[in-house]
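# Survey of secondary and tertiary structure
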Amino acid sequence: MRVLFAGAPGVGHLFPLVPLARAMRDLGHVVAVASMDGGEPVAACGLPYLPLAPGVDWRKEIREAGRTRRPDLMRRVVETDAADREAFVPLAAHVNSAVADATVELAARWRPDLVVYEYLFPVALLAATSLGVPAVQHDLGFVRTPRLRALMLAEMAETFARHGIDRLPEPVDTVDLAPPSMVRGERYGCSMRPVAYNGEGALPEPLAAPARRARVAVTLGTVPPRTDGLTRIERVIAAAADVHADFVLATGELDLSTLGTLPDNVRSYGWVPWRALLGTCAAAIHHGGSGTALAALDAGVPQLALPDGSDRFVNADAVRERGAGLSAGAEEIGPALLDRLLTDDALARAAHEVSAEISAMPGPTALAARLCDSAGGRAG
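Residues numbered from 1 in each chain as written. Predicted model: local features only at pLDDT ≥ 70, side-chain atom pairs only at ≥ 80, totals over all residues. Heavy atoms only, no water.

### Let's talk about the state of the cysteines
Inspection of every chain in the model, using the stated rule, returns zero disulfides. Free cysteine: Cys45, not disulfide-bonded; nearest cysteine sulfur from Cys372 at 16 Å. By relative accessible area, which is 3% here, Cys45 ends up buried. Free cysteine: Cys372, not disulfide-bonded; nearest cysteine sulfur from Cys190 at 12 Å. Taking the relative accessible area as the measure of exposure, Cys372 reaches 5% and is therefore buried. (Disulfide = S-S within 2.5 Å. Buried < 20%, exposed > 50% of the residue type's maximum accessible area, 1.4 Å probe, protein only.)

Right, dumping it as structure tokens:
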């Protein structure tokens, strides 16, 4: 069977697809990943990468759609830094429409038997429908997507009709990574254990060695540092200086030189495998990205989320409401908050409970077999 994975061009959108894609490959299926400019980092996972609509920029197209088509929605997106998802997804739908011809053409050339796409890229659903093959939506975390999907598809109705599809389709299934206890009964589709993929490579030797005392992993992901500068990381570093623990900054290429000399208990390592780092840590501090939060839950460590936009408030709220971590704004960061993260037994207990829950969820291999068997039956 040939399985095409597709998603918006961002690490947070494409990396969560990798575990299922690899599981399908390991079962003997032919797998590839398609995305727009900016999706190239996923090629490091070892799966074939298919560039889609070269020269079309995801963020520029969203801004252009907001300027020329839906300024009302763009105002809401700007005011909330895209946290208003019901304003953001219709704009994302316009980008999907802009690459519809290219996506359909790519799919027609590659001839998949099954298409798996993340929820912000329903143009892949269009391509699958045009070929008469099933499509599965792959959700990313705690955002409940049925209403958002309906908004996107409604915005794309003319595009679907232009490709001969008058009745808006639905995916045949939805992959849900959220632990059941964290979505207040809003389950749908098929559950799959969130398995972290954070790129290739091993931990640096100093981090692979046993920690001498409590260690805290810190990251701001790939997008937030470009939107809010160093505000939150500055506050975390200043507070860490007064906390009896070691802090590891996994901040990629973020330039910290303007901060001067770091405290003795704070070290910057650039990019490191996040889930592997969490396995050596007592706690995590991060931006609230879904994959980042799910990895900390899987590791069973309490987490402090510092959300600033997009779906990160939803993720942070889910962690806080489950009792497995804390959520705060930049102005709330201080030594007392970090001490609580490390010493609150209730947080640690809830984090361990969710970790056990995740371990009991079906893994990517089991789900891959089920999806491919189902798709094969439809083809037959």
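### Observations regarding the side chain of Thr251
For Thr251, the position within the fold is in the loop between strand E9 (246-249) and strand E10 (266-268). For Thr251, a relative accessible area of 6% gives the class buried. Each residue touching Thr251, except ones within four places of it in the same chain, is listed here: Ile233, Leu256, Ser268 and Gly270. (Helix = DSSP H or I, 4+ residues; strand = E, 2+ residues; numbered from the N terminus. Contact = heavy atoms within 4.5 Å.)

### Quick word on the sheet that holds strand E8 (residues 215-218)
One open sheet accounts for six strands, arranged E10-E9-E8-E11-E12-E13; its pairing is parallel. The open sheet terminates on both sides in strands that have one partner only, identified here as E10 and strand E13 (325-327). Here the average twist between neighbouring strands, direction ignored, is 20°. Across three bridges, strand E12 (residues 303-305) lies against E13 in parallel orientation. Counterpart to Ala305 in the pairing with E13 is Ser327. Strand contacts of helix H16 (residues 335-343): E8, E9, strand E11 (283-286), E12 and E13, with the helix running at about 140° to E11, the strand carrying the most contacts. (Pairing = 2+ DSSP bridges. Axes fitted to C-alpha atoms, helices over the stretch in contact; angles between N-to-C directions.)

### Quick notes on helix H4 (residues 71-80)
Those residues of H4 not exposed but buried are Leu73, Met74 and Val77. The buried residues of H4 all sit within an arc of 100° when viewed along its axis, so they share a single face. Among the exposed residues of H4, those oriented more than 90 degrees off its buried face are Arg75 and Glu79. Contact partners of the buried residues in H4: helix H3 (58-68) and helix H5 (85-98). (Arc of directions from axis to C-beta.)

### A look at the packing of H4 against H5
Close contact between H4 and H5 brings their axes to 8 Å; oriented N to C, the two are set at 125°. It follows from the interaxial angle that H4 and H5 lie oblique. Crossing geometry of H4 relative to H5 is assigned as left-handed. Contacts between H4 and H5 pair Leu73, Met74, Arg76 and Val77 from the former with Glu86, Ala87, Phe88, Pro90 and Leu91 from the latter. (Parallel < 35°, antiparallel > 145°, perpendicular 65-115°, else oblique. Left-handed = near helix turned anticlockwise from the far one by under 90°.)

### Structural notes on empty space enclosed by the protein
By the definition in use, this model includes one cavity of 30 Å³ or more. Approximately 60 Å³ is the volume found for the largest cavity. Around the largest cavity sit Leu4, Ala6, Ala34, Ser35, Leu52, Thr103, Leu106, Ala107, Val115, Phe121, Ala124 and Ala127, which together line it. Secondary structure elements with two or more residues in the lining of the largest cavity: strand E1 (2-6), strand E2 (30-35), helix H6 (100-110) and helix H7 (123-131). (1 Å grid on protein atoms, 1.4 Å probe; cavity = no way out; pocket = protein on both sides within 12 Å on 5 of 7 lines; lining within 4 Å. Points joined across faces, edges and corners; volume = space filled by probe spheres on them.)

### Overview of the nonpolar core
When a protein is soluble and globular, its nonpolar side chains tend to lie buried together. With 51 residues, the main nonpolar core has Leu4, Met36, Trp58, Phe88, Leu120 and Phe121 as its most contacted residues. The dominant element in this core, judged by the number of residues it contributes, is H5, at seven residues. (Core = buried A, V, L, I, M, F, W, Y, C linked by side-chain atoms within 4.5 Å.)

### Overview of helix H2 (residues 18-26)
For H2, the full list of buried residues reads Val18, Pro19, Leu20, Ala21, Ala23 and Met24. Note on H2: the residue one or two positions beyond its end, Gly28, has a positive phi of about 100°.

### So, the pattern of salt bridges
Within this structure, the stated rule accounts for 19 salt bridges. A salt bridge links Glu155 to Arg70, with the nearest nitrogen and oxygen atoms 3.3 Å apart. Of the two residues, Glu155 sits in helix H8 (residues 146-155) while Arg70 sits in the loop between H3 and H4, which places them 85 residues apart along the sequence. Looking at Glu155, the relative accessible area reads 26%, which means it is partly exposed. Of the residues examined, Arg70 reaches a relative accessible area of 25% and is grouped as partly exposed. (Salt bridge = Lys/Arg side-chain N within 4 Å of Asp/Glu carboxyl O.)

### Here's the deal with unusual backbone geometry
One non-glycine residue with positive phi stands out, namely Asp81, at about 50°. Under the relative-accessibility criterion, Asp81 is labelled partly exposed at 29%. Its identity as a non-glycine residue notwithstanding, Arg111 has a phi of 60°, on the positive side. Structurally, Arg111 can be placed in the loop between H6 and strand E4 (114-118).

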